[in-house]
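Next come the chains, spelled out residue by residue.
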Amino acid sequence: MLLLLCFSLSALLLVNPSHTTEPDDFFVNLQRQHQQNVEHQKRVSLIRFFQHYNAPLPYYITDYLNASNKYNLDYRLLPAISVQESGAGRHACGDGIRRWGFGSCKGYTFKSVAEGIDYVSNTLALGSYYRGKTISQKLTSYNPNPEYPAKILRLMKEISNE
């Protein structure tokens, strides 16, 4: 019976070669699936993190992930800063949009949370005070309190359950 099944499958593949998958396609699909799983895990981790800190909805997870990819930043950095600086947005500066304590909440206004995420991410990645620095060095420049980098790094580890 098993032999008959093998012959049937072989015949089917020979008759219709479109059912075969080239090795390159297989690995491309496998890599794509892995990347989707990684992105899904990041989303789940951020949802749990924001829920834990009672962040107001929406969580802007897509905006955080897009900015981290766009500027090659750790996806946990801005969410961790938002928890430290504003209780994940519950105590955001002024208009409720400025969640990251950026510029000590003076002189910076954003039209939306998404714009703020992009602006702060851009600055942390490319700004003259931050460009080329490690995360710890960026955090020291962001907030000179000597305990600040350790607090943010702890929150980042909390996001990824480390």
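Coordinates for the structure precede this section.
Residues numbered from 1 in each chain as written. Predicted model: local features only at pLDDT ≥ 70, side-chain atom pairs only at ≥ 80, totals over all residues. Heavy atoms only, no water.

(A) Examining the overall build of the protein chain more closely. Scanning the protein chain for helices and strands turns up seven helices and zero strands. Sequence-ordered secondary structure for the protein chain, helices as α and strands as β, is α-α-α-α-α-α-α. Residues classed as buried in the protein chain amount to 36% of the 162 residues present. Surface exposure of the protein chain reaches about 10,300 Å², of which carbon and sulfur atoms provide 56%. (Helix = DSSP H or I, 4+ residues; strand = E, 2+ residues; numbered from the N terminus. Buried < 20%, exposed > 50% of the residue type's maximum accessible area, 1.4 Å probe, protein only. Areas by Shrake-Rupley, 256 points an atom, 1.4 Å probe, with all protein chains shown as cover.)

(B) Quick peek at the packing of aromatic side chains. A full pass over the atoms with the stated rule returns eight aromatic pairs. Centre to centre, the rings of Tyr 129 and Tyr 130 are 6.5 Å apart; their planes meet at 85 degrees, and the pair counts as edge-to-face. (Phe/Tyr/Trp six-rings, centres within 6.5 Å; stacked < 30°, edge-to-face > 60°.)

(C) Structural context of the side chain of Thr 123. Looking at the secondary structure, you find Thr 123 in helix α5 (residues 113–126). A distance of 2.9 Å separates the side chain of Thr 123 from the backbone oxygen of Tyr 119, its partner in a polar contact. The residues touching Thr 123, leaving out its near neighbours within four places in the chain, are Phe 102 and Tyr 130. (Polar contact = N/O pair within 3.5 Å; in protein donor to acceptor, adjacent residues only side chain to side chain. Contact = heavy atoms within 4.5 Å.)

(D) Main features of helix α4 (residues 77–86). Within α4, eight of the 10 residues are buried, which leaves it mostly tucked inside the rest of the structure. If you check which residues of α4 are buried, you get Leu 77, Leu 78, Pro 79, Ala 80, Ile 81, Ser 82, Val 83 and Ser 86. After α4 finishes, the residue Gly 87 shows a positive phi value of roughly 60 degrees.

(E) Structural view of the pattern of salt bridges. Applying the stated criterion to the full structure yields four salt bridges. Between Lys 42 and Glu 39 there is a salt bridge, with the nearest N and O atoms lying 3.7 Å from each other. Of this pair, Lys 42 and Glu 39 both sit in helix α2 (residues 23–52), three residues apart, which is roughly one turn of the helix. On the basis of relative accessible area, Glu 39 is assigned to the buried category, the value being 18%. In this structure, Lys 70 and Asp 118 form a salt bridge, with 3.2 Å as the shortest nitrogen-oxygen distance. (Salt bridge = Lys/Arg side-chain N within 4 Å of Asp/Glu carboxyl O.)

(F) Region of interest: unusual backbone geometry. For the bond running from Leu 57 to Pro 58, omega is -5 degrees, close enough to zero to count as cis. Assignment of secondary structure puts Pro 58 in the loop between α2 and α3 (61–71). For Tyr 60, which is not glycine, the phi torsion reads 60 degrees and is therefore positive. Looking at the secondary structure, you find Tyr 60 in the loop between α2 and α3. Judged by its relative accessible area of 23%, Tyr 60 is partly exposed. Positive phi, close to 65 degrees, is recorded for Ala 88, a residue that is not glycine. Mapped onto the elements of the fold, Ala 88 is located in the loop between α4 and α5. Using a relative accessible area of 1% as the deciding quantity, one classes Ala 88 as buried.

(G) Summary view of α3. Regarding α3, the residues found buried are Ile 61, Tyr 64, Leu 65, Ala 67, Ser 68 and Tyr 71. Buried residues in α3, looked at end-on, bunch into an arc of 165 degrees, giving them a common side. Just downstream of α3, Asn 72 is the residue with a positive phi angle, here 55 degrees. (Arc of directions from axis to C-beta.)

(H) Structural detail: the packing of helix α6 (residues 135–142) against helix α7 (residues 148–159). Remark: α6 packs on α7, axes separated minimally by 8 Å, with the N-to-C direction vectors making an angle of 125 degrees. Viewed along their axes, α6 and α7 adopt a mutual orientation that is oblique. Crossing of α6 over α7 shows right-handed handedness. Across from Ile 135, Ser 136, Leu 139, Thr 140 and Tyr 142 in α6, the residues of α7 making contact are Tyr 148, Pro 149, Ile 152, Leu 153 and Met 156. For the contact of α6 with α7, the per-class residue count stands at eight nonpolar, two polar and no charged. (Axes fitted to C-alpha atoms, helices over the stretch in contact; angles between N-to-C directions. Parallel < 35°, antiparallel > 145°, perpendicular 65-115°, else oblique. Left-handed = near helix turned anticlockwise from the far one by under 90°. Nonpolar A, V, L, I, M, F, W, Y, C, P; charged D, E, K, R; others polar.)

Note that all results are geometric; they support no functional claim without further evidence.
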